[in-house]
Amino acid sequence: MSATTMSTGVSTGEITPKLGYAATLLVAGLWMVPFLWMLVAAFNPESIGAGMASLVPSYIPTLANFREAWASADFPRYGLNTLVITLGILAVQIVTITLAGYAFARLEFPGRTLCFYLFLLQLMLAPVVLIVPNLTTIAKLGLYDSLLGVMAPYFASAFGTFLMRQAFRAIPRELEDAALIDGASVFQRIGFIYLPLAKPSLVAFSIVSVTAHWNEFLWPLMVINSPDLRPLTVGLASFTRGAEGAQAWGVIAAGTLLVSAPLLIAFALFQRAFVNSFVSSGIK
Amino acid sequence: MTTTRRNILAGAALAASFALSPAFAQAPTEIELFFPVPVDGQLARDMAAMIKEFNEKNPSIKATPVYTGSYDETLIKTRAAMKAGKPPAAVIMSANFLLDLKIEGEIQAMDGLIKADGKTNDQFMGQFFDALHGNAVLDRQVYGVPFHNSTPLLYVNTDHLKEAGLDPDKLPANWEELVTTAKKLTKRDGDRVTRWGMMMPSNYDYGGWILQALTHSNGGQWFNVDYGGEVYYDTPSMLGALTFWSDLIAKHKVHPAGVQAGGAVSSAFLSGQASMMLLSTGSLTHIRTNAKFPYKVAFVPKNVKNEVPIGGASLVIPTGVEGERRKAAWTLINWMTSPEKSGWWSRATGYFAPNKAAYDMPEMKAFLAKNPDAGIAVSQLAVAKPWFATYKTVPVRKAIEDELAAVLSGKKTPKEALVAAQKGADEIMRPYVEQTALKLPTN
């Protein structure tokens, strides 16, 4: 689907825009394959059969898989839970990473560098090794089997702090000094100078954060017991995964589409803003 | 500050007096049941329906079914919840994790509960098939109640047999016949294989179990049934079993290379891209509802003898579950493993009912008359042995499953793989072995 523009191979050693464009299309095409297959499978009336593996639809589309998936789990409730989790985490994170980022970027205090490196060390830890200690803490705080318990460990983000520190350091100090002369407090300086200028970084971080927590499975599975509090990923897994059995691919594809659709739609709507934020925040 | 503290104290006292008052004593005992989804989504709904019925029939108990992922994730979640001081009242646990949980003191013996019901352990376990006792009774104490169990089965597409000019009434009974049949069933288009004669799942958890089935069929044993610190990975019977699997791929070219997931194997079988497969009885209902062709099931083909491991899950009560919650969990466990319920669950899933009396019920007799394939698994129980269970079962299993994957992708020879697996497993079990078998009197 993408090879049509691969006509002009120029041998100057440099990549021409055309060639670069073609290569991008090719890679994009490769990345699209699983998604396309999911689309094809979700509307396939045959859940099992030779046609199942085909990327080219050869059937009359049906909504039966969606009906089955929809009936299998309480999607609106799971969706609401996921929304509460992801947006709740993000709201707190924005406050904590802004303040921490400002502290590391602009405040002078003894042991600042050491403190910052200790913070970054957190990035090296695989979250899985922290499951038991985290869960013990959550239970002691009385947050076991609650949405707040799912959210709490993520309220401070090392990655976000790092990102905001870099963004704040790139902002000329003179702007802050000018505000200081006018008598602005720390919070006024952060709110009126730093935050507006670091907006692209904040947006970029928000995308990473929301996507990560939207897709998370193991930690919510550990914390949540009540069926009413399940997020989408756990709800989806409860009817699509098998240990010794076999899978109905059509229903799985339809369910996966239902779960990922909100993110996909959000991305499609705000695509330009997202891309711009990544470009200007330096994450490419 | 003091006023708030006083308020809290007053509130606590008020709450305590409420808790002691008769009105509150009638509040149902709340318990959770952790369950993995063993087959597919329909079962999560079946489980919800089953627990709903239980709650309606037992108004003094309110049980909540909690979905906990795969068997391995269920173990992680149960352990994490216990360490956090929130043990669930009951768990449907992979049957071979019981030994490790017992060694770590994480599940409780049910002897007291059985005695309170006026039964001996033997009388209580007598209602379940003998083959299941090994994964439930440890040191003569009952640690688990069998809920749904399985054995591997050979599934054969009989249309493909006919097409290849073979007798659909004569299914491969030994390894020799399996290879010749698989060769005839495999279809090639030049170098490309369009239909595989044979497929076996080799993903984590499944691969070890299938390899155990081959080892048993080859006259071997996977582990020391009486002692949790020994596995027999580097032995001739295991070498024969692993070589057989690797030969199906490299020598006979009737089995695809690399790791095959359980779902992929059953999908290949249902779509006609594989003619035979070894898969759990737990998939029987799924295959029966989705197969658009005649199929048959048979015992796992033997090399030396007919013998297979048990699979599936048992109900356990974690340590720390006491008083009313413990009693309520026991009521739930007994209800779920009764002849009616275990029979119903068996018909819904394809797993066999561990309770022997389930097969005397009229619904089950009618079901078996209509679906003779479900009876094959039951008759195979006569030659079934316990599922491998050691100290730290999951890592010890992974030690050989990683090597199995290397062999199936042609990166290692079976002998190299088994030597490495044995070394890995011995290292994992060493602390236990030193604390038990190697802990000798010094003076």
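Worth saying up front: this structure is predicted, and the values here are computed from it rather than measured.

1. Examining the overall build of chain A
In step 1: Counting its regular elements, chain A contains 14 helices and 0 strands.
In step 2: For chain A, the sequential pattern of α-helices and β-strands runs α-α-α-α-α-α-α-α-α-α-α-α-α-α.
In step 3: When the 284 residues of chain A are sorted by exposure, 42% land in the buried category.
In step 4: Considering only residue pairs separated by 6 or more positions, chain A has 70% of its internal contacts joining residues 24 or more positions apart.
In step 5: Here chain A displays about 15300 Å² of accessible surface, and carbon together with sulfur accounts for 71% of that area.

2. Points about the overall build of chain B
In step 1: If you tally the helices and strands in chain B, you get 19 helices and 14 strands.
In step 2: Dimensions of chain B, computed from the C-alpha atoms along their principal axes, are close to 85 × 65 × 45 Å.
In step 3: Counting across all 443 residues of chain B, residues that qualify as buried make up 57%.
In step 4: Summarising the internal contacts of chain B: among those between residues at least 6 apart in sequence, 76% fall at separations of at least 24.
In step 5: As presented, chain B carries roughly 18300 Å² of accessible surface, and 56% of it is formed by carbon and sulfur atoms.
In step 6: Where the 47 positive side-chain charges of chain B centre and where its 43 negative ones centre are 3 Å apart.

3. Topic: the pairing of strand β2 (residues 61-67) of chain B
Residues and elements named next belong to chain B.
In step 1: Extensive coverage of β2 is indicated by the burial of 6 of its 7 residues.
In step 2: Looking at chain direction, strand β1 (residues 29-35) and β2 are connected through 7 bridges and run parallel. Following the sheet pairing, Glu32 is matched in β2 by Thr64.

4. A word on the packing of helix α3 (residues 75-106) of chain A against helix α10 (residues 199-215) of chain A
All names here are of chain A.
In step 1: α10 packs onto α3 with a crossing angle of 145° between their chain directions and a minimal axis gap of 9 Å. Once α3 is placed against α10, the crossing between them reads as right-handed. Between α3 and α10, the contacting residues are Thr82, Leu83, Thr86, Ile89, Leu90, Gln93, Ile94 and Ile97 on the first element and Leu202, Phe205, Ser206, Ser209, Val210, His213 and Trp214 on the second.
In step 2: Classifying every residue of the contact of α3 with α10 gives 9 nonpolar, 6 polar and no charged.

5. Examining the sheet that holds strand β11 (residues 295-298) of chain B
Residue and element names in this part refer to chain B.
In step 1: Strands sit in the order β8-β9-β10-β7-β11 across an open sheet of 5 strands; the sheet is mixed. Two strands bound the open sheet, and with one partner strand each, they are β8 (187-189) and β11. Neighbour-to-neighbour, the strand axes of this sheet turn through a mean angle of 25°, independent of strand direction.
In step 2: Note that β8 and strand β9 (residues 192-199) share 3 bridges and pair antiparallel. Among the inter-strand pairings, Lys187 is bridged to a residue of β9, identified as Arg195.

6. Some points on the packing of aromatic side chains
In step 1: Summed over the entire model, instances satisfying the criterion amount to 27 aromatic pairs over all chains.
In step 2: Their ring planes at 40° and their centres at 6.5 Å tell us that Phe104 of chain A and Phe109 of chain A sit as a pair that is tilted.
In step 3: Taking the centre distance of 5.8 Å and the plane angle of 25° together, the rings of Tyr227 of chain B and Tyr432 of chain B count as stacked. In this pair, Tyr227 of chain B sits in the loop between α10 (206-217) and α11 (236-250) while Tyr432 of chain B sits in helix α19 (residues 414-435), placing the two residues 205 residues apart along the sequence. For the pair Tyr227 of chain B and Tyr432 of chain B, a shared accessibility class is recorded, and that class is buried.

7. Comments concerning helix α4 (residues 71-83) of chain B
All names here are of chain B.
In step 1: A rise of 1.5 Å per residue sets the reference length of α4, with its 13 residues, at 18 Å; its end C-alpha atoms lie 19 Å apart and thus fit the reference within 8%.
In step 2: By the criterion of burial, α4 is predominantly enclosed, with 11 of the 13 residues buried.
In step 3: Every buried residue belonging to α4 is among Tyr71, Asp72, Glu73, Thr74, Leu75, Lys77, Thr78, Arg79, Ala80, Ala81 and Met82, and all of these are buried.
In step 4: Gly85 lies just past α4 and shows a positive phi near 80°.

8. Brief notes about unusual backbone geometry
Residue and element names in this part refer to chain B.
In step 1: In the Ramachandran plot, Arg140 falls in the positive-phi region, its phi being about 65° despite a non-glycine side chain.
In step 2: Relative to the elements of secondary structure, Arg140 occurs in the loop between β4 (137-138) and β5 (141-142).
In step 3: When its relative accessible area of 74% is taken as the criterion, Arg140 is described as exposed.
In step 4: The backbone of Lys253 sits at a positive phi, close to 55°, despite the residue not being glycine.
In step 5: Inspection of the secondary structure puts Lys253 in the loop between α11 and α12 (262-270).

9. Considerations on the side chain of Asn157 of chain B
In step 1: Along the chain, the position of Asn157 of chain B falls in strand β7 (residues 152-157).
In step 2: In this structure Asn157 of chain B touches Phe269, Ser275, Phe293, Pro294 and Tyr295 of chain B, once residues within four positions along its chain are discounted.

10. Here's the deal with helix α9 (residues 175-185) of chain B
In an α-helix, one turn spans 3.6 residues, which is why side chains three or four residues apart end up on the same side.
In step 1: Along α9 of chain B, the positions that sit buried rather than exposed are Trp175, Leu178, Val179, Thr181, Ala182 and Leu185 of chain B.
In step 2: Sitting at the amino-terminal end of α9 of chain B is Asn174 of chain B, which places a side-chain oxygen 3.1 Å from the backbone nitrogen of Glu176 of chain B.

11. A closer look at the confidence of the model for chain B
Residue and element names in this part refer to chain B.
In step 1: Summarising the model, chain B shows a mean pLDDT of 91, and 93% of its residues fall at 70 or more.
In step 2: This stretch, residues 1-6, has a pLDDT under 50; its non-local contacts, to residues over four places away or in other chains, come to 0 contacts.
In step 3: Note on residues 13-24: pLDDT is under 50 here. Beyond four places in sequence and across chains, it has 3 contacts.
In step 4: Interface confidence in the predicted complex, given as ipTM, is 0.74; pTM for the same model is 0.82.

12. Quick word on the pattern of salt bridges
Residues and elements named next belong to chain B.
In step 1: For the structure shown, the criterion picks out 24 salt bridges over all chains.
In step 2: Linking Asp139 and Lys102 is a salt bridge whose minimum nitrogen-to-oxygen distance equals 2.5 Å. Residue Asp139 is found in the loop between β4 and β5, and its partner Lys102 is found in helix α5 (residues 98-103); the two are separated by 37 residues along the sequence.
In step 3: For Asp139, a relative accessible area of 60% corresponds to the exposed category.
In step 4: Salt bridges linked by common partners bring Asp72, Asp205, Arg397 and Glu401 together as one network.

13. Overview of the sheet that holds β1 of chain B
Neighbouring strands of a sheet are bound in pairs by backbone hydrogen bonds; such pairs are parallel or else antiparallel.
Residue and element names in this part refer to chain B.
In step 1: Pairing is mixed in the open sheet, where 5 strands are placed in the order β2-β1-β3-β13-β6. Each of the sheet's edge strands pairs with one partner strand only, and the pair in question is β2 and β6 (145-150). Direction aside, neighbouring strands of the sheet carry axes that sit 20° apart on average.

14. A closer look at a nonpolar patch on the surface
In step 1: Taken together, the side chains of Leu114, Leu118, Leu121, Leu123 and Met124 of chain A define a hydrophobic patch exposed on the protein surface, amounting to about 570 Å² of accessible area.
In step 2: Relative to the assigned elements, Leu121 of chain A resides in helix α4 (residues 112-121).

The rules behind these values
- Residues numbered from 1 in each chain as written.
- Chains lettered and ligands numbered in written order.
- Predicted model: local features only at pLDDT ≥ 70, side-chain atom pairs only at ≥ 80, totals over all residues.
- Heavy atoms only, no water.
- Helix = DSSP H or I, 4+ residues; strand = E, 2+ residues; numbered from the N terminus.
- Buried < 20%, exposed > 50% of the residue type's maximum accessible area, 1.4 Å probe, protein only.
- Contact = heavy atoms within 4.5 Å.
- Areas by Shrake-Rupley, 256 points an atom, 1.4 Å probe, with all protein chains shown as cover.
- Lys, Arg positive; Asp, Glu negative; His and termini not counted.
- Charge placed at Lys NZ, Arg CZ, Asp CG, Glu CD.
- Pairing = 2+ DSSP bridges.
- Axes fitted to C-alpha atoms, helices over the stretch in contact; angles between N-to-C directions.
- Left-handed = near helix turned anticlockwise from the far one by under 90°.
- Nonpolar A, V, L, I, M, F, W, Y, C, P; charged D, E, K, R; others polar.
- Phe/Tyr/Trp six-rings, centres within 6.5 Å; stacked < 30°, edge-to-face > 60°.
- Expected span 1.5 Å × (residues − 1).
- Polar contact = N/O pair within 3.5 Å; in protein donor to acceptor, adjacent residues only side chain to side chain.
- pLDDT = per-residue confidence, 0-100.
- Salt bridge = Lys/Arg side-chain N within 4 Å of Asp/Glu carboxyl O.
- Patch = residues over 30% accessible without salt bridge, like charges linked within 9 Å, V, L, I, M, F, W, Y side chains within 5 Å.

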